Amino acid sequence: MLKLLLFAIFSAVSIVPAAEPALPSGGKKSLKILGIGNSFLRNATSALPKIVSEAGHELTLGVGAPGGRSLKNHYDAAMISEENPDDPRGRLYEYKSRKMSLKEILTAEKWDIVTIQQASPESWKSDSFRPYARNLLDYIKKYAPDAEVVYHQTWAWRPDHTRMGMDKQPAGFMYRELTRNYHASAREIGIKRIIPVGDAFQLAAESPEWKFERDPDFDYADPEYPSLPNEKNSIHGGFAWRTPSSGDVDVEVDASKLAGDGAGKVFRLDGSHANATGCYLAACVWFEFLYGEDVRKVESTPSWLTPERAASLREIAHQAVNGLRPKAWPADVP
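The rules behind the values
Residues numbered from 1 in each chain as written. Predicted model: local features only at pLDDT ≥ 70, side-chain atom pairs only at ≥ 80, totals over all residues. Heavy atoms only, no water. Helix = DSSP H or I, 4+ residues; strand = E, 2+ residues; numbered from the N terminus. Buried < 20%, exposed > 50% of the residue type's maximum accessible area, 1.4 Å probe, protein only. Contact = heavy atoms within 4.5 Å. Pairing = 2+ DSSP bridges. Axes fitted to C-alpha atoms, helices over the stretch in contact; angles between N-to-C directions. Parallel < 35°, antiparallel > 145°, perpendicular 65-115°, else oblique. Left-handed = near helix turned anticlockwise from the far one by under 90°. Nonpolar A, V, L, I, M, F, W, Y, C, P; charged D, E, K, R; others polar. Expected span 1.5 Å × (residues − 1). Phe/Tyr/Trp six-rings, centres within 6.5 Å; stacked < 30°, edge-to-face > 60°. Lys NZ or Arg CZ within 6 Å of the ring centre and 35° of its normal. Arc of directions from axis to C-beta.

A.B. asks: What is the right way to read the overall build of the chain from this model?
C.D. replies: Along its length, the chain carries 10 helices and 10 strands. For the chain, the residues scored as buried account for 52% of the 334 residues in total. If you take every contact in the chain between residues at least 6 apart in sequence, the share linking residues at least 24 apart comes to 72%.

What follows is the structure in structure tokens.
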């Protein structure tokens, strides 16, 4: 019965093909992948090398991920470097322990694939993609003409995240907007494929096993240091007692008067980044999408997950790569 149900579901959706294998099916595959992004890129790729290795394949990975950078920031830095190669504002990237400009990291290897993405706070704003996505694509093709450029679809924040008032928006708002924007931009500038990490996160959020709920037994309004809520289904960073920085805008509870180890700390939610579980899910999506191999066959179980929970995340990743659309999928996206 379950097989029939899954067949019916997959028959009703458009299938997004994964990458063609670098070598014939069944052999060792080798890819050189460069990501241009920010901390979300680091999240998505942190577990990827281990999964690739466990699958018996090879990966050369470049992670150009200065924190918080948008499409505009990457392109602007490239233009600064073109004008003055020694200007540190244009040398945002690090590869093989050396600071580089975008031009330098693009030419450091003969990359098979280069990924780009929008900064998460900008991803739900359609105007933030124009004209910077096209400008950045053209720049990449100038220095890495043989590489395929693909979009890395980032994910929506946790539904209780207060940043930018997102917790006041209708359910699925951020996912719908960023999905609409990635697909519209891809059509506009000629990017043919999108790594559907955002879809996988949304599928998890809509699933009974991974649907997020706050800890009903925890006092979020008046927490006691160093206690933390039990939020086992969260795939985002979650709550922690943190030392606030000047840029913090989403402090939940001010604990600045706490004594001892808690002195100066705040009870703060990171509802945007992925936690270790979310990083694993994202890497599973990257692996199947880019290597063209069913991630469900990679029996990788991180130490913090049971084999059953890890398998369920691999199943979600497989569904996302093969075109299963979340319920919150924007109706106007073809």
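A.B. asks: When you look at the sheet that holds strand 5 (residues 113-116) in this model, what are you seeing that I'm missing?
C.D. replies: Within a sheet, adjacent strands bond to each other through the backbone by hydrogen bonds, running parallel or antiparallel. Taking strand neighbours across the sheet as the criterion, the five strands line up as 2-1-5-6-7 in an open arrangement whose pairing is parallel. Looking at which strands have only one partner, the edges of the open sheet turn out to be strand 2 (58-64) and strand 7 (194-195). Across four bridges, the pairing between strand 5 and strand 6 (residues 148-152) is parallel. When the bridges of strand 6 are listed, Ile113 appears paired with Glu148.

A.B. asks: Just checking my understanding: could you explain unusual backbone geometry for this structure?
C.D. replies: Negative phi values dominate among residues other than glycine, just as trans dominates among peptide bonds. Following Arg130, the chain continues into Pro131 via a peptide bond in cis, with omega recorded as -5 degrees. Structurally, the position occupied by Pro131 is in the loop between strand 5 and helix 6 (132-143). Look at the link from Tyr225 to Pro226: it is a cis peptide, with omega at 5 degrees. Following the sequence through the fold, Pro226 ends up in the loop between helix 8 (197-206) and strand 8 (236-242). Phi angles above zero are rare outside glycine, and Ser97 is one such case at about 65 degrees. When you line up the elements, Ser97 lands in the loop between strand 3 (93-95) and strand 4 (98-100).

A.B. asks: Just checking my understanding: could you explain the packing of helix 4 (residues 71-83) against helix 6 for this structure?
C.D. replies: Between two packed helices, the angle of one axis relative to the other and the distance separating the axes together describe the packing. Direction vectors running N to C along helix 4 and helix 6 enclose 50 degrees, while the axes themselves pass 9 Å from each other. With respect to helix 6, the axis of helix 4 lies oblique. Taken as a pair, helix 4 and helix 6 cross one another with a handedness that is left-handed. Here Leu71, Lys72, His74, Tyr75, Ala78, Met79 and Glu82 of helix 4 lie close against helix 6, whose contacting residues are Tyr132, Ala133, Asn135, Leu136, Tyr139 and Tyr143. Here the residues of the contact of helix 4 with helix 6 are counted per class, giving nine nonpolar, two polar and two charged.

A.B. asks: Looking at this structure, how should I read helix 7 (residues 173-189)?
C.D. replies: With 17 residues, helix 7 should cover 24 Å at 1.5 Å per step; its first-to-last C-alpha distance of 24 Å lies within 8% of that length. Of all the 17 residues making up helix 7, 12 are buried; the element is thus mostly covered by neighbouring parts of the structure. Taken together, the buried positions of helix 7 are occupied by Phe173, Met174, Tyr175, Leu178, Thr179, Asn181, Tyr182, His183, Ala184, Ser185, Ala186 and Ile189. Buried residues in helix 7 make contact with helix 6, strand 6, strand 7 and helix 8. Positive backbone phi, at 90 degrees, marks Gly190, one or two positions downstream of helix 7.

A.B. asks: Looking at this structure, I do not really get the packing of aromatic side chains. What am I missing?
C.D. replies: For the coordinates displayed, the defined rule picks out 15 aromatic pairs. Ring geometry for Phe287 against Tyr291: centres 5.4 Å apart, planes inclined by 20 degrees, an arrangement best described as stacked. Here the residue Phe287 and the residue Tyr291 both occupy positions in helix 9 (residues 276-291), the gap between them amounting to four residues, near one helical turn. Neither residue differs from the other here; Phe287 and Tyr291 are each classed as buried. An aromatic cluster of three or more residues is present, and its members are Phe218, Tyr220, Tyr225, Phe239, Trp241 and Phe267. The aromatic ring of Tyr220 is capped on one face by Arg214, whose charged end is 4.3 Å from the ring centroid. We note Arg309 situated over the ring of Trp210; from NZ or CZ to the ring centre the distance is 3.7 Å.

A.B. asks: Looking at this structure, I do not really get the pairing of strand 10 (residues 265-274). What am I missing?
C.D. replies: Strand residues, when the strand is regular, have side chains that alternate between the two faces of the sheet. Counting buried positions along strand 10 yields eight of 10 residues, so the element is predominantly enclosed. The sheet contact formed by strand 8 and strand 10 spans six bridges and is antiparallel. Across the sheet, Phe239 pairs through a bridge with Leu269, a residue of strand 10.

A.B. asks: Which parts of the structure should I look at to understand helix 6?
C.D. replies: Because an α-helix packs 3.6 residues into every turn, residues spaced three or four apart end up facing the same way. With 12 residues, helix 6 extends 17 Å between its outermost C-alpha atoms, agreeing within 8% with the 16 Å of an ideal straight helix rising 1.5 Å per residue. For helix 6, the set of buried residues is Ala133, Leu136, Leu137, Tyr139, Ile140 and Tyr143. Viewed along the axis of helix 6, the buried residues span an arc of 165 degrees, placing them on a single side of the element. The secondary structure elements touched by the buried residues of helix 6 are helix 4, helix 5 (102-106), strand 5, strand 6 and helix 7.

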